[in-house]
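# Notes for the structure review
Read off the chains here:
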Amino acid sequence: MLSEAKNQLLTQVGPGTPMGELLRRYWHPIGAESEFDEISVRPARLFGEDLVLYKDLSGNYGLVDRQCPHRRADLAYGFVEKCGLRCNYHGWLYDEKGQCTEQPYEDVANPQVRLKDRIKIKSYPVQVKAGMIWAYMGPLPAPLVPTWEPFTWANGFRQVVISEVPCNWFQCQENSIDPVHFEWMHSNWSVRLRGDTGPYAPTHTKLGFEEFEYGLIYKRVREDTDEKHPLWAVGRLALWPNVFCLGDHFEWRVPIDDENTLSITWAFNRVPREREPYVQETIPAWYGPVKDEATGQWISSHVMNQDFVAWVGQGRIADRTQENLGASDRGIAMLRRHFFDELEAVAQGRDPKGIVRDEATNECIDLPVAARRLFVDGLTREELKAHPIIGKHLKEYAFQFGQPEAVKRAFHDAMGVQIDEHGNVVDAPLGSAQHG
């Protein structure tokens, strides 16, 4: 268990808090590029700060304070111009650096005063990578947005899934270094949710945890595997500071504030070899619901929805003074120790772990990926359909509930398959799919 003071160090993320200062040293995805195909402005609450994310008419993104400093109007209702965001109340215009560039009445009535030169609102750098919009809220100079190896893979269908989860970010990230929960939450609980009492999943018999340059690795052996299996030989990744990576998808846990988390998933599906070369024009994004609108109950049918249930069940902020860790929690203890070390490093003025500043390194950051061959070399359509895991993913998006029909159709078109009247995955007729 932890003391209340140490629990607060891990969980409080607002401006000026130690963890807030640590996390602000990293770039975080805060939305998807394709969101702005339909909108130009939306509110964004991050690390306890109320902000506005926008895309102006020149295609530039900005992340600025939500309140106009003139009369405190809500800039989430502002409108974009060629360069910047204009307040809908009195027309003051701000660029992506927060500088006021126009004050329509003042510019006419009192041009010599140049009040606009003295008005600047809070702003943060924004970049686009892998179909996601990233923000940096820390001290300058900013590091580089990491180019993780899967971002460079070709011939893949990608999508971005966004949800808001009403709990603290750290209990979400602890899930990233907790292998045993897969056996119970995603396997055995799913059996019971289907109304069955068995058979249960193979039991974990051995766990291993180790550090690498960009985070932690967990390894596991179950009754049906040995140490030659990729889940032990390679393992799975908890990347610094708030990412879970399985190779074909990343999950970021970005703090909205102390009691709410933005879950952002980037998912990759390699198309069959028959579909190569495949170039995806737009990476679709969608918002995944966490509760059933009809019943108000938490959705538990999909992998990440099950995780959400566990995280929220721990309370808005998990009370770690009341917990009792066991042998399977060595990764949890390791994660916490490393964060306490990194908090000290930042307090001493050093970069925390996993910061990328070298351009050559950032062209492609290799990661340990257990099933790299499947994603890099690909499989034929028949091999994909026969695969015990990926074959199931051809039918539906397995990780989160609520994939829109339009995204589902785009995915099936990319893979060259369709679902027949019996719910089976079959090859799409030639000429029926959009290729590329």
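For clarity, every value in this text was computed on a predicted model and none was experimentally measured.

### A short note on the pairing of strand S12 (residues 156–165)
Of all 10 residues in S12, nine are buried; the element is thus mostly enclosed. Strand direction decides the pairing type here: S12 and strand S18 (residues 260–270), joined by 10 bridges, are antiparallel. By the bridge assignment for S18, Ile162 is matched with Ile264. Here three bridges tie S12 to strand S19 (residues 285–287), and the two strands are oriented parallel to one another. When the sheet's bridge partners are listed, Val161 is paired in S19 with Trp286.

### Here we look at the confidence of the model for the protein
Averaged over the protein, the pLDDT score is 96; the fraction of residues at 70 or greater is 98%. pLDDT under 50 marks residues 432–436. Its contacts with residues more than four places away, or in other chains, come to 11 contacts.

### A word on unusual backbone geometry
Glycine aside, residues mostly have negative phi, and peptide bonds are mostly found in the trans state. The omega torsion across Trp240 and Pro241 is -10°, close enough to zero to call that bond cis. With respect to the helices, strands and loops of the structure, Pro241 is situated in the loop between strand S15 (236–239) and strand S16 (243–245). For Phe47, which is not glycine, the phi torsion reads 50° and is therefore positive. Positionally, Phe47 belongs in the loop between strand S2 (41–46) and strand S3 (49–55). Positive phi outside glycine occurs at Arg72, with the angle close to 70°. As for its placement among the helices and strands, Arg72 is situated in the loop between strand S4 (61–65) and strand S5 (79–81).

### Here we look at the packing of helix H1 (residues 4–11) against helix H8 (residues 330–347)
The interhelical angle for the contact between H1 and H8, taken along N-to-C directions, is 75°, at an axis separation of 11 Å. The angle between the axes of H1 and H8 places the two elements in the roughly perpendicular class. Packed against H1, whose contacting residues are Lys6, Leu9 and Leu10, the element H8 presents Arg336, Phe339, Phe340 and Leu343 at the interface. Of the residues belonging to the contact of H1 with H8, the class tally is five nonpolar, no polar and two charged.

### Points about the packing of aromatic side chains
Counted by the stated rule, this structure contains 25 aromatic pairs. With a centroid separation of 5.0 Å and 70° between ring planes, the pair formed by Phe151 and Trp266 is classed as edge-to-face. Linking Phe151 in the loop between strand S11 (132–136) and S12 with Trp266 in strand S18, this pair joins segments that are 115 residues apart in sequence. Across the pair, exposure class does not vary: Phe151 and Trp266 are buried alike.

### Notes on the side chain of Thr17
In this fold, Thr17 is placed in the loop between H1 and helix H2 (18–23). Among the polar contacts listed, one links the side chain of Thr17 to the backbone nitrogen of Gly20, at a separation of 3.1 Å.

### Considering the domain arrangement of the protein
Interface size is often expressed as the accessible area that is lost when the parts come together. Each domain of the protein was delimited in the assignment, giving domain 1 (28–136) and domain 2 (149–377). Relative placement of domain 1 and domain 2: their C-alpha centres are 33 Å apart. Across the contact, 18 residues belong to domain 1 and 19 residues belong to domain 2. Where domain 1 abuts domain 2, roughly 1,400 Å² becomes buried across the two surfaces, and 67% of that area is made up of carbon and sulfur atoms. At the boundary of domain 1 and domain 2, one finds one salt bridge. Applying the counting criterion to the domain 1 and domain 2 interface returns nine residue pairs in polar contact (both at pLDDT 80 or more). A total of five residues in the side of domain 1 that touches domain 2 trace back to one element, the largest contributor, which is strand S1 (residues 27–32).

### What to know about the nonpolar core
Nonpolar side chains in soluble globular proteins generally cluster together in the buried interior. Residues Met19, Leu63, Leu239, Phe250, Trp252, Phe339 and Leu367 are the most contacted members of the largest nonpolar core, which totals 99 residues. If you tally residues by element for this core, the top one is H8, at six residues. Taken domain by domain, the makeup of this core includes at least three residues from each of domain 1 (28–136) and domain 2 (149–377). Excluding its chain neighbours within four sequence positions, the residues that come into contact with Phe250 are Trp148, Pro150, Phe151, Leu239, Val243, Phe244, Cys245, Ile264, Thr265, Trp266 and Leu367.

### A closer look at the UniProt feature "domain: Rieske" (unreviewed entry) in the protein
Listed under "domain: Rieske" (unreviewed entry) in the UniProt record, and renumbered for this structure, are residues 27–135. This span, residues 27–135, is 6% helix and 41% strand, and a straight line between its end C-alpha atoms measures 6 Å.

### Quick word on the environment of Gln171
Mapped onto the elements, Gln171 comes out in helix H4 (residues 169–174). Looking at Gln171, the relative accessible area reads 1%, which means it is buried. With 63 residues separating them in the primary sequence, Gln171 and Val108 have C-alpha atoms 54 Å apart. Sequence-distant contacts of Gln171, that is, excluding residues within four places in its chain, are made with Trp311, Gln314, Gly315, Arg316, Ile317, Ala318 and Arg320. Polar contacts involving the side chain of Gln171 include one to the main-chain carbonyl oxygen of Trp311, which spans 2.8 Å. A polar atom in the side chain of Gln171 sits 2.9 Å from the backbone nitrogen of Ala318.

### Structural notes on helix H5 (residues 180–193)
Counted at 1.5 Å a residue, the expected span for H5 with its 14 residues is 20 Å, and the 19 Å between its end C-alpha atoms agrees. By the burial criterion, the buried members of H5 are His181, Phe182, Glu183, Met185, His186, Asn188, Ser190 and Val191. As for H5, its buried residues are in contact with strand S13 (204–212), strand S14 (215–222), S16 and helix H7 (303–313). With its phi angle positive at about 90°, Gly195 sits one or two positions after the end of H5.

Thresholds, definitions, all that
- Residues numbered from 1 in each chain as written.
- Predicted model: local features only at pLDDT ≥ 70, side-chain atom pairs only at ≥ 80, totals over all residues.
- Heavy atoms only, no water.
- Buried < 20%, exposed > 50% of the residue type's maximum accessible area, 1.4 Å probe, protein only.
- Helix = DSSP H or I, 4+ residues; strand = E, 2+ residues; numbered from the N terminus.
- Pairing = 2+ DSSP bridges.
- pLDDT = per-residue confidence, 0-100.
- Contact = heavy atoms within 4.5 Å.
- Axes fitted to C-alpha atoms, helices over the stretch in contact; angles between N-to-C directions.
- Parallel < 35°, antiparallel > 145°, perpendicular 65-115°, else oblique.
- Nonpolar A, V, L, I, M, F, W, Y, C, P; charged D, E, K, R; others polar.
- Phe/Tyr/Trp six-rings, centres within 6.5 Å; stacked < 30°, edge-to-face > 60°.
- Polar contact = N/O pair within 3.5 Å; in protein donor to acceptor, adjacent residues only side chain to side chain.
- Domains from an automatic or database assignment.
- Buried area = accessible area lost by both parts, 1.4 Å probe.
- Salt bridge = Lys/Arg side-chain N within 4 Å of Asp/Glu carboxyl O.
- Core = buried A, V, L, I, M, F, W, Y, C linked by side-chain atoms within 4.5 Å.
- UniProt positions renumbered as here; feature names shortened; annotations may be inferred.
- Expected span 1.5 Å × (residues − 1).

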